[in-house]
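Take a look at the letters that make up each chain.
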Amino acid sequence: MAAKMLLVVATLIALVASLSHVHAFDPSPLQDFCVADPTSKVRVNGVACKGPAAVVPEDFFFAGVDKPGGTESKRYGFTAKAVPIPGLNTLGASHARVDVPRGAVFPPHIHPRASETAVVLEGSVYFGFVSSYPDNKLFAKVLRKGDVFAVPQGLVHFLYNNGTAPAALYATLSSQNPGLVLLADALFAGALPDDLLAKTLLTDDATIEKIRAKFRPS
Ligand SMILES: *[C@@H]1O[C@H](CO)[C@@H](O)[C@H](O)[C@H]1NC(C)=O
C-alpha cells in the first residue's frame, strides 16, 4: 500500500516537473517581429515593439563582430560584447562575441535559461561542459577556427585559452535573457558564510578566507 502511494506521489512529481519544463523556454512570438522600442514606457514580457511600418533593415543588423570590444572581466581576463539586434526582441535568442586572451578563462558558469552554440572565429580554446549530478561527466574539446560546440541548457561550461594565440568566439544563446551564474563568484563574491563554504568544499575556514580575499572588491 505504502509502495503504491509512493508510486502515485512519484508519478505526480514527474508530471509536474515535465509540465513546468514545457515552459522553461522563452514564449513563442505572436507576430513576424517585435523590434524593440527602448523608449517605450509600456511594461511587457520583453521590450515593447516599434510600429511595424517604422521597421527598417538596420533593426536586424549589427556590424563589428569581427573586432573585439565590450566589457572586460578584470578577474578572469575575458571580454564579452553583446550583439544588440533590436529585431531579436521576443525571438528567444541573444548573441555575443567573446574574446579570451592567451592564458585567460571564461570560468565555469551556467546560463539558467539558455542553451549555447559557439563558433570559434580566431585562435583555439579548450571548451566544454559538465553533465549534472551524479555523473558530473566532462564533455570537452580543443576547438580551432571554424569549429562549433553546443552546450545544453543550464549545464556548467567553460572556456580556457591554453593555446598560443588570442581566441575569439561568436556565441548564440537560446533566450533573450539567458542569465549568467559564474560559479566562483556565486560562492565567494556573495555573502555565504565561511563555515558553510568550508563544509561545502570539504576544507577549513582559513582556506576559504584565503580564496575569498581575492574576490573582495578592491
Ligand atoms: C589544452 O588543454 C587540453 C585539455 O587539458 C589539452 O588536450 C590540450 O592539448 C591543451 N592545449 C595546449 C596547446 O596545450
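The rules behind each value
Along each chain, residue indices are assigned from 1 in the same order as the chain's sequence is written. Predicted model: local features are reported for residues with pLDDT of at least 70 only, side-chain atom pairs are reported and counted for 80 or more only, and whole-chain, interface and lining totals are derived from all residues. The side-chain figures draw on all heavy atoms in the structure; neither hydrogens nor water molecules are used. UniProt positions are given in the numbering used here, feature names are shortened, and annotations may be inferred rather than shown by experiment. Put simply, a residue is near a molecule or strand once any heavy atom of it comes within 4 Å of that molecule or strand. Identification of polar contacts relies on pairs of N or O atoms within 3.5 Å, with a donor-acceptor requirement for protein atoms, meaning one able to donate a hydrogen and the other able to accept it, and with residues adjacent in sequence counted only if both atoms are side-chain atoms. Exposure was quantified through the Shrake-Rupley algorithm and a 1.4 Å probe, taking into account, for residues, occlusion by the shown protein chains and nothing else. Cavities and pockets were defined on a 1 Å grid built from protein atoms only: a cavity is a group of points that admits a 1.4 Å probe but offers it no way out, a pocket is an open group of points flanked by protein on both sides within 12 Å along at least five of seven lines, and a lining residue is one with an atom within 4 Å of any such point. Only DSSP runs of H or I covering at least 4 residues are called helices, and only runs of E covering at least 2 are called strands; the numbering of each starts at the N terminus. Categorising residues by exposure relies on relative accessible area from a 1.4 Å probe, with only protein chains included: less than 20% of the type maximum marks a residue as buried, more than 50% marks it as exposed, and the intermediate range marks it as partly exposed. In this analysis, two residues are considered to be in contact whenever any of their non-hydrogen atoms come within 4.5 Å of each other. In this analysis, strands are considered paired if DSSP registers two or more bridges between them.

- Under an unreviewed UniProt entry, the protein chain has the name Germin-like protein and belongs to Brachypodium distachyon.
- Looking at the protein chain in UniProt, the text filed under Sequence similarities (unreviewed entry) is "Belongs to the germin family."
- Looking at the protein chain in UniProt, the text filed under Function (unreviewed entry) is "May play a role in plant defense. Probably has no oxalate oxidase activity even if the active site is conserved."

## Things to note about the site of the ligand
Item 1. Every residue close to the ligand is listed here: Tyr126, Val142 and Asn162.
Item 2. Between the ligand and Asn162, the relevant distance is 2.2 Å, taken from an oxygen atom to a side-chain nitrogen or oxygen of the residue.
Item 3. In the complex, the protein chains occlude 41% of the 360 Å² of accessible area that the ligand would expose alone.

## A closer look at the UniProt feature "binding site: Mn(2+)" (unreviewed entry) in the protein chain
Item 1. Cross-referencing UniProt, the feature "binding site: Mn(2+)" (unreviewed entry) maps to His109, His111, Glu116 and His157 in the present numbering. In sequence the annotated residues extend across 49 residues, while in space they remain close, none of their C-alpha pairs exceeding 11.9 Å. As for the largest pocket, its lining draws on His109, His111, Glu116 and His157 from among the annotated residues.
Item 2. Along the polypeptide, His109 turns up in strand β4 (residues 105-110).
Item 3. With relative accessibility at 4%, the residue His109 sits in the buried group.
Item 4. The contact partners of His109, leaving out residues within four places of it in the chain, are Glu116, Leu155, Val156, His157, Leu180, Val181, Leu182 and Leu183.

## Re the sheet that holds strand β9 (residues 156-160)
Item 1. Pairing is antiparallel across the open sheet formed by five strands, whose spatial order is β7-β6-β9-β4-β11. Taken across any chain shown, the strands that pair with only one partner, and hence form the sheet edges, are β7 (138-144) and β11 (181-182).

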